[in-house]
Amino acid sequence: MRKELLKTVKRVVIKIGSRVLTDSAGALDMAVIGRICGEIAILHQKGLQVIVVSSGAIAAGRSELGLTDKPRTIPHKQAAAAVGQTRLMLAYEKSLAPNNLKAAQVLLTSEDLSSRQRFLNARATLNALLSFGIIPIINENDTVVVEEIKFGDNDNLSALVTNVAEADLLLILTDIEGFYSADPHTHPDAVLIPLINGVTREVERAAGGSGSTVGTGGMATKVAAAKKAGKNGVSTIMVSGKLNGIIVSALQGEDVGTLFLPSGIGLNRRKHWIAYTLKPSGRITVDDGARNALLKKGKSLLPSGVVKVEGRFERGACIRLYGLDGVEFARGLSDYSSAESVRLIGCNSTEIESILGYHYGDVLIHRDNLVLL
Ligand code: GLU
């Protein structure tokens, strides 16, 4: 299903975090930047338009200034950013050049994007740069912002840029392989979740939002970015930027990292996509009660109503739903794989955890991911 989605992507925003771009000593890691630029060139050759949102200015400035600690005061951060931003751009220029690509520096503040005129101006500039085949490298204009008007973090900035640039996808490169059920540093049994069907409160809580006990460093801002991008119908993929070939794999629709699908406003576009674009890979037959609940009462599909599961599919796959009469009446995205679904046939939702040893929620197919035919 990812492949179908990725086929429609023409313009992608790639957000690269400081921890991806720097080595253990905190200096810019030219080998990593070189590899990333090589992968960007492959996308570019395939006709994709790439916009980069890059952190790393403060980190690069810090090592340039010989500071051992992270700068704490705003003026020190701003001084580090001023020194580091030119180093950062030089690194991109040097690494793009062997691939016959050029970089352009675009520095933005949140004030720029909250003014409609400047917002549209930024959009026009990005369009012009892309039409010249140039790779825009965007960062916050750290040297002039003060705390009150900061974007806060580049995850947030990258989500806003998907809107400014009218991009189809946000790819977040970070130092962890995706979104986990719990913080993998402290929970060795945490599992990577390949698909998030819309960012819910539950997801936000697991990411370390308010009330969380399993906060993962920096995960909350990434999930917030995915949610924000999703409001415009834009999907987000989060992967580890440390892995070789990961950018190309992600854009080819391979099952890497975590894919966050939009919810809310993007829903109609998404339902259309579920019903018409995705190729169904499995088949679930339900009893009359469940069929009725789905068709007439707007309910989600629970395991209790399932009588048969056929085909092999992964969590997040598109499934055909059949009644006992053998007629297909709906399609939806499954929250459980075929292997898991088979084990859940006819069970009560409260038993899911005891049967599987974990659970992704009470339903097999959520209402929001279901289209009646
Ligand atoms: N703008 C900052 C920098 O380039 C990074 C902010 C962030 O990583 O969220 O150093």
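Here the structure is a predicted model, which is why all the values come from computation and not from measurement.

Novice: Break down the sheet that holds strand β2 (residues 49–54) for me, citing the residues and quoting the values.
Specialist: Taken together, the 8 strands give an open sheet; going across it, the order is β3-β4-β2-β1-β5-β7-β8-β6, and neighbouring strands pair in mixed fashion. One side of each edge strand has no neighbouring strand; the edge strands of this open sheet are β3 (103–108) and β6 (195–197). Taken pair by pair, the neighbouring strands of this sheet meet at an average axis angle of 20 degrees, ignoring direction. With 6 bridges joining them, strand β5 (residues 169–174) and strand β7 (residues 235–240) adopt parallel strand pairing. Residue Leu169 lies in a different strand from β7, and its bridge partner there is Ser235.

Novice: Lay out the nonpolar core in plain terms, naming residues and giving numbers.
Specialist: In this structure, Ile14, Ile16, Ile36, Tyr92, Leu171, Leu173 and Leu251 are the most contacted members of the largest nonpolar core, which totals 50 residues. Per element, the largest residue contribution to this core is 7 residues, and it comes from helix α3 (residues 30–45). For Leu171, the residues in contact, after removing those within four places along its chain, are Val12, Val13, Ile14, Lys15, Ile237, Val239, Ile247, Ala250 and Leu251. In terms of nonpolar packing, the next biggest core, distinct from the first, is built from 41 residues, Ile172, Met219, Val223 and Val234 among them.

Novice: Describe the side chain of Asp183, and please don't skip the residues or the numbers.
Specialist: With respect to the element layout, Asp183 can be found in the loop between β5 and β6. Buried Asp183, no salt bridge; nearest opposite-charge side chain is Arg19, N-O distance 9.7 Å. Here the side chain of Asp183 touches His185 through a polar contact of 2.9 Å, landing on its backbone nitrogen.

Novice: So, the sheet that holds strand β12 (residues 328–334): which residues are in play, and what are the values?
Specialist: Here 5 strands make up an open sheet; going across it, the order is β10-β9-β11-β12-β13 and the pairing mixed. Either end of the sheet is taken by a strand with one partner, and the two such strands are β10 (306–310) and β13 (365–372). Strand-to-strand twist in this sheet, taken as the mean axis angle between neighbours without regard to direction, amounts to 30 degrees. Across the sheet, helix α13 (residues 288–297) lies against β9 (282–286), β11 (318–322), β12 and β13, angled at about 80 degrees from β13, the strand it touches most.

Novice: For the site of the ligand, give the residues involved together with the corresponding values.
Specialist: Taken together, Ser55, Gly56, Ala57, Ile58, Asn139, Asp142, Asp153 and Asn154 are the residues near the ligand. Asp142 has a polar side-chain atom sitting 2.8 Å from a nitrogen atom of the ligand. Within the complex, the protein chains bury 82% of what would otherwise be the 300 Å² of accessible surface of the ligand. Each residue belonging to the shell around the ligand can be placed in one class, and the counts come to 2 nonpolar, 4 polar and 2 charged.

Novice: How would you sum up the confidence of the model for the chain? Please name residues and give values.
Specialist: For the chain, per-residue confidence averages 89 on the pLDDT scale, and residues scoring 70 or more make up 94% of the total. Averaged pLDDT values for the elements of the chain fall to 62 in helix α12 (residues 267–277) and rise to 98 in β2. Segment residues 210–217: pLDDT under 50, and 13 contacts once partners within four positions in sequence are set aside and those in other chains are kept.

Novice: So, the pattern of salt bridges: which residues are in play, and what are the values?
Specialist: Here the idea is simple: oppositely charged side chains can pair when their charged atoms come close. Taken as a whole, this structure holds 12 salt bridges when the rule is applied. We note a salt bridge from Lys227 to Glu204, for which the minimum N-O separation is 3.1 Å. Placement of Lys227 in helix α10 (residues 219–231) and of Glu204 in helix α9 (residues 201–206) is noted, with a sequence separation of 23 residues between them. Residue Lys227 is classed as partly exposed on the basis of its relative accessible area of 29%. A salt bridge links Glu310 to Arg283; the shortest N-O distance between them is 3.2 Å. Of this pair, Glu310 sits in strand β10 while Arg283 sits in strand β9, and the two are 27 residues apart along the sequence. Members of the salt-bridge network, linked through shared partners, are Lys15, Asp155 and Lys222.

Novice: Before we move on, can you summarise the pairing of β2 with the specific residues and values?
Specialist: Each regular strand displays side chains that alternate between the two surfaces of the sheet. Most of β2 is tucked away: 5 of the 6 residues are buried. Looking at chain direction, strand β1 (residues 11–16) and β2 are connected through 6 bridges and run parallel. Looking at β2, one finds that Lys15 is bridged to Val53.

Conventions and cut-offs
Residues numbered from 1 in each chain as written. Predicted model: local features only at pLDDT ≥ 70, side-chain atom pairs only at ≥ 80, totals over all residues. Heavy atoms only, no water. Pairing = 2+ DSSP bridges. Helix = DSSP H or I, 4+ residues; strand = E, 2+ residues; numbered from the N terminus. Axes fitted to C-alpha atoms, helices over the stretch in contact; angles between N-to-C directions. Core = buried A, V, L, I, M, F, W, Y, C linked by side-chain atoms within 4.5 Å. Buried < 20%, exposed > 50% of the residue type's maximum accessible area, 1.4 Å probe, protein only. Contact = heavy atoms within 4.5 Å. Lys, Arg positive; Asp, Glu negative; His and termini not counted. Salt bridge = Lys/Arg side-chain N within 4 Å of Asp/Glu carboxyl O. Polar contact = N/O pair within 3.5 Å; in protein donor to acceptor, adjacent residues only side chain to side chain. Near = heavy atom within 4 Å. Areas by Shrake-Rupley, 256 points an atom, 1.4 Å probe, with all protein chains shown as cover. Nonpolar A, V, L, I, M, F, W, Y, C, P; charged D, E, K, R; others polar. pLDDT = per-residue confidence, 0-100.

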